[in-house]
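Commentary on secondary and tertiary structure
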Amino acid sequence: MSLLAVSNLTKRYHRGRKPFAAVDEVSFEVGPAETLALAGPSGSGKSTIARLVLRLIEPDTGRIEFEGSDFLALSGAALRARRARLQMVFQDPLAAFNPRATVARVLDDPLRIHNIAPHAQRPRRIAALLERVGLDTGLAARAIHE
Ligand SMILES: Nc1ncnc2c1ncn2[C@@H]1O[C@H](COP(=O)(O)OP(=O)(O)OP(=O)(O)O)[C@@H](O)[C@H]1O
Ligand SMILES: [Mg+2]
């Protein structure tokens, strides 16, 4: 069974008055523990596909199935819950964070927003996450720009 199945995905933009398809009838599948690389020249639509799959933008046509259900049909709380299972690492990862926020704040946000851990447990969870990726837990108090 595929984890992510994308079929006939299309996203159109306008260049001046002229519409063009940034993503044109794209289909692919990714299975559990599988890695898929999209390669192509600048402007060929790779980032647009990633944004569509996360529903940061909506497609004009196509279907996205994630973990066996119709991802495009979700809204509200159901969409938020399912979205917690998808993540994008942006091309400029440093620009994705508020440079003045602390590392702890950045790691705390998703735990809070998705109700992953109650308030009292979150500092411990944050320390455990840092340890898991081989970072000093003392970094939690530092600002992102540091
Ligand atoms: N919001 C938008 N409005 C209009 N055109 C857009 C928008 N977003 C992307 N495009 C256009 O869609 C096309 C695909 O862009 P996209 O950023 O997906 O390419 P890419 O493959 O990620 O490129 P790169 O390798 O440079 O990151 C480009 O022609 C781009 O100019
Ligand atoms: Mg890109």
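The structure this text deals with has already been given above.
The rules behind these values
Residues numbered from 1 in each chain as written. Chains lettered and ligands numbered in written order. Predicted model: local features only at pLDDT ≥ 70, side-chain atom pairs only at ≥ 80, totals over all residues. Heavy atoms only, no water. Helix = DSSP H or I, 4+ residues; strand = E, 2+ residues; numbered from the N terminus. Buried < 20%, exposed > 50% of the residue type's maximum accessible area, 1.4 Å probe, protein only. Contact = heavy atoms within 4.5 Å. Near = heavy atom within 4 Å. Polar contact = N/O pair within 3.5 Å; in protein donor to acceptor, adjacent residues only side chain to side chain. Areas by Shrake-Rupley, 256 points an atom, 1.4 Å probe, with all protein chains shown as cover. Donors = N, O, S within 2.8 Å, 3.2 Å for Na, K, Ca; no water. Pairing = 2+ DSSP bridges.

**Observations concerning the overall build of the protein**
Helix and strand content of the protein: four helices and four strands. Listed N to C, the secondary structure of the protein is β-β-α-β-β-α-α-α in terms of helices and strands. Each principal axis of the C-alpha distribution contributes one length, and for the protein these read about 50 × 35 × 30 Å. Expressed as a percentage of the 146 residues in the protein, the buried residues total 27%. For the protein, restricting intrachain contacts to residue pairs at least 6 apart in sequence, the fraction spanning at least 24 positions comes to 50%.

**Thoughts on unusual backbone geometry**
In this model, Glu25 sits at a positive phi of 55°, which is unusual for a non-glycine residue. Backbone geometry at Asn115 places phi at a positive 50°, although glycine is not the residue there. Tracing the sequence through the fold places Asn115 in the loop between α3 (103-113) and α4 (122-132). You can call Asn115 exposed: its relative accessible area is 71%.

**Side note on the site of ligand 1**
Near ligand 1 there are 13 residues, and of these Ser42, Gly43, Lys46, Ser47 and Thr48 occur at the shortest range. Gly45 has a polar backbone atom sitting 3.0 Å from an oxygen atom of ligand 1. Backbone polar atom of Ser47 to an oxygen atom of ligand 1: 2.9 Å apart, as the coordinates give it. Expressed as a share of its isolated accessible area of 640 Å², the protein-covered part of ligand 1 is 64%. When residues of the shell around ligand 1 are traced back to their parent elements, those giving at least two are β1 (4-15), β2 (18-30) and α1 (46-54). Top element by residues in the shell around ligand 1 is α1. It accounts for three residues.

**Comments concerning the environment of Ser47**
Inspection of the secondary structure puts Ser47 in helix α1. Separated by 23 residues in the primary sequence, Ser47 and Asp24 have C-alpha atoms spaced 13 Å apart. In terms of polar contacts, Ser47 uses its side chain to reach the side chain of Gln91, at 3.1 Å.

**Things to note about the side chain of Lys11**
Within the secondary structure layout, Lys11 lies in strand β1. Residues contacting Lys11, with those up to four places away along its chain left out, are Phe20, Ala21, Ala22, Val23, Thr48, Leu52, Ile57, Glu58, Pro59 and Asp60.

**Quick look at the coordination of the magnesium ion (ligand 2)**
Coordination of the magnesium ion (ligand 2) by the protein involves Ser47 (OG) and Gln91 (OE1), with metal-donor separations of 2.0 to 2.6 Å. Taken together, the positions of Ser47 in helix α1 and Gln91 in the loop between α2 (76-83) and α3 put the pair 44 residues apart, joining distant regions of the chain.

**Notes on the sheet that holds β1**
Ordered by their spatial adjacency, four strands build an open sheet running β2-β1-β3-β4, and the pairing between neighbours is antiparallel. Looking along the sheet, the strands with just one partner apiece sit at the ends: β2 and β4 (69-70). Two strands pair when backbone bridges link them, and strand β3 (residues 61-66) and β4 are joined in this way by two bridges, in the antiparallel orientation. Following the sheet pairing, Glu65 is matched in β4 by Asp70.

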